[in-house]
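Observations on the model geometry
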Amino acid sequence: MTRHRIRDRRHHQRRSAAPAVEPRHRFALLRREGVIIAVTVVLAGGMFALGKYIEFNSPGAYDAGAYVYSAAHVLNGARLGVDELPSAQPGTFMANLLGVWLFGYNDTGPKLVQMLMQLGALVLMFLAMRKVFGLSPACIGVFLAATYLSSPLIAKFGNVKEQFMIACMIAGVSLIIFHEYSGRWFYAVLAGAVLVWAPLFKQTGLSAVMATGLFVLAQPILRHKTIGQTARQTGLLLAGAAVSVVPMYVWILGWGIQWGLPYKWVYDILAALWPSAAAAEDAVATSYVTEGRRLVPLSVQTPRVLRYYALFILPITLAVGGIVMRIGLWLRDRKAQIPSPNPVRDRLVLLLGLWWILDMAFVWISPRSYEEYYLPLNGSAAMLAGYILSLYFDKLA
């Protein structure tokens, strides 16, 4: 894409057909885009505000009260890991610590922190989708995300780990998109720094991390990048992750904090898979899944999961449609040996598709089907929906 590319594909095609745009036409174009953005802000912002209003006026789940208590206890002088052992993951605990420190002993502070995190993520999501899919798909995608991620059906609690995790995943993937389009190194560093925190709120945040890793490693295989470019991008992502999370390791180990290290659960999973006596003692994750499956078999869990899938039929349909269209167009172009008119957009479908598929799959890990477990798949679906929407608006043009 040239630097003169107008983000909305319809305008891009008209611009490519004419060598120049008259000032009055350019003004009309900018005014039209401004109206579309303003309408999106009102509609998406209204749904987001309504959802947050309901969250702020709804009593939190039991976990939320425990998070707030742990944060307040530590702020009042309790020794972490000795006098107080938080049940929250490190990310969730830190968010509650910040919220209670700023706003006192209540859950309003953590909810405000979560709201600001999600608001920032939605802004990044809009900018990223506009860059890759165009203005109209970006507006629709953000409206879908703001609606479903704020819906009382699944988002009635504000101080829950899924809400914090989603903000990190959306922001991290958006930064990856910026890096793919611009090639600027700091976008990859920022993406690594943000994505590494998603699993520190909840382990299923690995969906965005795994999707990014698979996407980056697939680029030389698909001949989209050289091995050297892939190695550089991988190094930048890992550097960002290290800069972001290593200070917590230094704090815990250097000051002798009696608290589990970040990502210790990854070691537990690997240890559980290793055939040794020591591994049996750390088989926490495996025993959780195995015991949960014994208590709630798939025959009981499947109708519950499918019922929730049916409630999100719109984003799921758009996501599936985007994947099917990308595969179909790839097969057509490969057979006809036609180069893609928008190769960066097309290859980013792999990233968004992997992320969404993993989000859809991870809801099956837990035998329970709490409403908030289904929040993440709506964020990734809203971004993936931008692909099929961009194809539609290209046809209209």
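Shown above is the structure to which this text applies.
The text that follows walks through the structure, step by step, so that each part is easy to find.

Moving on to the overall build of the protein chain. Looking only at helices and strands, one finds 17 helices and zero strands in the protein chain. The buried share of the protein chain, reckoned over its 397 residues, is 49%. The contacts in the protein chain between residues at least 6 apart in sequence include a share of 75% that link residues at least 24 apart.

Let's shift gears to the nonpolar core. Residues Met125, Trp355, Tyr374 and Met383 are the most contacted members of the largest nonpolar core, which totals 101 residues. Residue contributions to this core peak at 14 residues, all from helix α7 (residues 161–182). Residues in contact with Met125, not counting those within four places in the same chain, are Gly141, Val142, Ala145, Ile170, Ser174, Gly379, Ala382 and Met383.

With that settled, the discussion passes to the layout of surface pockets. Roughly 720 Å³ of volume is contained in the second largest pocket. Looking at the second largest pocket, it is lined by 20 residues, and the ones nearest its centre are Leu222, His224, Arg326, Trp330 and Asp346. For the lining of the second largest pocket, the elements supplying multiple residues, two or more each, are α15 (313–336) and α16 (343–362). Residues that form the lining of the second largest pocket fall into these classes: eleven nonpolar, three polar and six charged.

The grouping of Val35, Val39, Val42, Leu43, Met47 and Phe143 at the surface amounts to a nonpolar patch, some 500 Å² of accessible area in total. Within the secondary structure layout, Leu43 lies in helix α2 (residues 23–56). On the basis of relative accessibility, which here comes to 46%, the residue Leu43 falls in the partly exposed class.

What follows covers the packing of α7 against helix α17 (residues 375–396). Two numbers describe how α7 lies on α17: the axes approach to 9 Å, and their chain directions differ by 20 degrees. Viewed along their axes, α7 and α17 adopt a mutual orientation that is roughly parallel. α7 and α17 meet at a crossing whose hand is right-handed. Residues Glu162, Gln163, Met165, Ile166, Met169, Ile170, Val173, Ser174 and Ile177 of α7 lie in contact with α17, whose contacting residues are Leu375, Pro376, Gly379 and Met383. Its residues assigned to classes, the contact of α7 with α17 comprises nine nonpolar, three polar and one charged.

Turning our attention to the packing of aromatic side chains. Using the criterion set out here, one finds 13 aromatic pairs in the structure. Judged by centre distance (4.6 Å) and plane angle (45 degrees), the rings of Phe186 and Tyr187 are tilted. Judged by relative accessible area, Phe186 falls into the partly exposed class, the value being 32%. A centroid spacing of 6.4 Å and a plane angle of 40 degrees characterise the contact between Phe312 and Tyr374, whose relative ring orientation is tilted. Of this pair, Phe312 sits in the loop between α14 (298–311) and α15 while Tyr374 is found in the loop between α16 and α17, placing the two residues 62 residues apart along the sequence. With a relative accessible area of 1%, Phe312 lands in the buried category. Judged by its relative accessible area of 0%, Tyr374 is buried. In this arrangement the basic side chain of Lys202 is found over the ring face of Tyr373, its NZ or CZ atom lying 3.7 Å from the centre. If you follow Arg307 out to its NZ or CZ, it ends over the ring of Tyr308, 4.8 Å from the centre.

We now examine the pattern of salt bridges. All chains considered together, the criterion is met by eleven salt bridges. As a salt-bridge pair, Glu180 and Lys225 come within 2.9 Å of each other at their nearest N and O atoms. Taken together, the residues Glu180 in helix α7 and Lys225 in the loop between α9 (206–221) and α10 (227–254) connect sequence positions 45 residues apart. Across this residue pair, the class does not change: Glu180 and Lys225 are buried. We note a salt bridge from Asp346 to Arg326, for which the minimum N-O separation is 3.6 Å. On the criterion of sequence distance, the pair formed by Asp346 in helix α16 and Arg326 in helix α15 is long-range, its members being 20 residues apart. For the pair Asp346 and Arg326, a shared accessibility class is recorded, and that class is buried.

Conventions and cut-offs
Residues numbered from 1 in each chain as written. Predicted model: local features only at pLDDT ≥ 70, side-chain atom pairs only at ≥ 80, totals over all residues. Heavy atoms only, no water. Helix = DSSP H or I, 4+ residues; strand = E, 2+ residues; numbered from the N terminus. Buried < 20%, exposed > 50% of the residue type's maximum accessible area, 1.4 Å probe, protein only. Contact = heavy atoms within 4.5 Å. Core = buried A, V, L, I, M, F, W, Y, C linked by side-chain atoms within 4.5 Å. 1 Å grid on protein atoms, 1.4 Å probe; cavity = no way out; pocket = protein on both sides within 12 Å on 5 of 7 lines; lining within 4 Å. Points joined across faces, edges and corners; volume = space filled by probe spheres on them. Nonpolar A, V, L, I, M, F, W, Y, C, P; charged D, E, K, R; others polar. Patch = residues over 30% accessible without salt bridge, like charges linked within 9 Å, V, L, I, M, F, W, Y side chains within 5 Å. Areas by Shrake-Rupley, 256 points an atom, 1.4 Å probe, with all protein chains shown as cover. Salt bridge = Lys/Arg side-chain N within 4 Å of Asp/Glu carboxyl O. Axes fitted to C-alpha atoms, helices over the stretch in contact; angles between N-to-C directions. Parallel < 35°, antiparallel > 145°, perpendicular 65-115°, else oblique. Left-handed = near helix turned anticlockwise from the far one by under 90°. Phe/Tyr/Trp six-rings, centres within 6.5 Å; stacked < 30°, edge-to-face > 60°. Lys NZ or Arg CZ within 6 Å of the ring centre and 35° of its normal.

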